[in-house]
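Listed below are the residues making up each chain.
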Amino acid sequence: MRNCQCPMQSHAIDEFPDYAYVSGLSTQDPGCWPVAFDLAENHGNGTRNVIANSGTVHLIGEKEFGRMMETFCIEYRREKGCDPVIVYPGKSVEP
């Protein structure tokens, strides 16, 4: 994900992206699975935008985001047999 900046942030767009994304999803995966999401600090009000595999965007609170990611990771492991790879700006981590 290159040069993606949250409108709520004021740093230079080339500095770093404001979103994390899930690597390796396809259109065959469930539409409710997250493709990309705001970093926690982007909005400053405890909310994040989440882009689902269906193409819809949801503005949700941190607690709902945590539950959504927990459910996603369980479903992903069950479907794919491994943990999802979440790519954050500058590094890759597995939740």
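## Details of the overall build of the chain
Helices and strands together make up the secondary structure of the chain, namely 1 helix and 6 strands. Listed N to C, the secondary structure of the chain is β-β-β-β-α-β-β in terms of helices and strands. Taking all 95 residues of the chain together, 31% fall into the buried category. Partitioning the intrachain contacts of the chain with sequence separation of at least 6 by distance along the chain shows that 30% fall at a separation of at least 24. Accessible surface, the chain as shown: approximately 5,700 Å² in total, 52% of it carbon and sulfur.

## Things to note about the nonpolar core
Among the nonpolar cores identified, the biggest contains 13 residues, and Ala-20, Phe-37, Val-50, Phe-65, Met-69, Phe-72 and Ile-86 are the most heavily contacted of them. Other than its neighbours up to four places away in sequence, Phe-37 contacts Asp-18, Tyr-19, Ala-20, Arg-48, Asn-49, Val-50, Phe-65, Met-69, Ile-86 and Tyr-88.

## So, helix α1 (residues 62–80)
The end-to-end C-alpha distance of α1, which contains 19 residues, comes to 26 Å, matching closely the 27 Å that a straight helix rising 1.5 Å per residue would cover. Phe-65, Met-69, Phe-72, Cys-73 and Tyr-76 are the residues of α1 that are buried. Angularly, the buried residues of α1 cover 100° about the axis, an arc narrow enough to put them on a single face. Those residues of α1 that are exposed and aimed more than 90 degrees away from the buried face are Lys-63, Arg-67, Glu-70 and Arg-78. On its buried side, α1 packs onto β1 (19–23), β2 (34–38), β3 (47–52), β4 (57–61) and β5 (85–88).

## With respect to the side chain of Thr-47
When you line up the elements, Thr-47 lands in strand β3. A relative accessible area of 16% places Thr-47 in the buried class. Here the side chain of Thr-47 touches Asn-45 through a polar contact of 2.6 Å, side chain to side chain. Those residues in contact with Thr-47, other than ones at most four positions away along the chain, are Leu-59, Ile-60 and Gly-61.

## Observations regarding the pairing of β3
Where β2 and β3 come together, 3 bridges link them in antiparallel fashion. Along β3, the bridge assignment pairs Phe-37 with Val-50. Summarising the sheet, β3 and β4 pair through 5 bridges and their orientation is antiparallel. Residue pairing in the sheet places Thr-47 in a bridge with Gly-61 of β4.

## Quick look at the packing of aromatic side chains
Under the defined criterion, the tally for this structure stands at 5 aromatic pairs. Plain terms: the ring middles of Phe-37 and Tyr-88 are 6.0 Å apart, the flat faces sit at 75° to each other, and that makes the pair edge-to-face. On the criterion of sequence distance, the pair formed by Phe-37 in strand β2 and Tyr-88 in strand β5 is long-range, its members being 51 residues apart. The class of Phe-37 is buried, set by a relative accessible area of 0%. By the ring-pair criterion, three or more aromatic residues cluster together here, those being Trp-33, Phe-72 and Tyr-76. Here the guanidinium or amino end of Arg-48 rests over the ring plane of Phe-65, the centre of that ring lying 3.9 Å away.

Calculation criteria
For every chain, the first residue of its written sequence is number 1, and the numbers climb from 1 along that sequence. Where local features are concerned, this predicted model is filtered to residues with pLDDT of at least 70; where side-chain atom pairs are given and counted, the filter is 80 or more; whole-chain, interface and lining totals use all residues. The basis for every side-chain value is the complete set of heavy atoms in the structure, and neither hydrogens nor water enter the calculation. Where helices and strands are cited, they refer to DSSP runs of H or I of at least four residues and of E of at least two residues respectively, numbered from the N terminus. Burial here depends on accessible area, computed with a 1.4 Å probe over protein chains only, as a share of the maximum for the residue type. Under 20% is buried, over 50% is exposed, and the range in between is partly exposed. Contacts are assigned to residue pairs with any non-hydrogen atoms lying within 4.5 Å of each other. Accessible surface is estimated by sampling points in the Shrake-Rupley manner with a 1.4 Å probe; for residues, cover comes only from the protein chains shown. By nonpolar core we mean a set of buried residues, namely Ala, Val, Leu, Ile, Met, Phe, Trp, Tyr and Cys, connected to one another through side-chain atoms within 4.5 Å. Given the number of residues in a helix, its expected span is that number minus one, multiplied by 1.5 Å. The arc in question is the one traced by the directions running from the helix axis out to the C-beta atoms. Identification of polar contacts relies on pairs of N or O atoms within 3.5 Å, with a donor-acceptor requirement for protein atoms, meaning one able to donate a hydrogen and the other able to accept it, and with residues adjacent in sequence counted only if both atoms are side-chain atoms. Pairing between two strands requires that DSSP report at least two bridges joining them. Any two of the Phe, Tyr and Trp rings considered here, Trp counted by its six-membered ring, make a pair once their centres fall within 6.5 Å; the pair's planes then place it as stacked at under 30 degrees, edge-to-face at over 60, or tilted in between. Whether a charge sits over a ring depends on NZ of Lys or CZ of Arg being within 6 Å of the ring centre and within 35 degrees of the ring normal.

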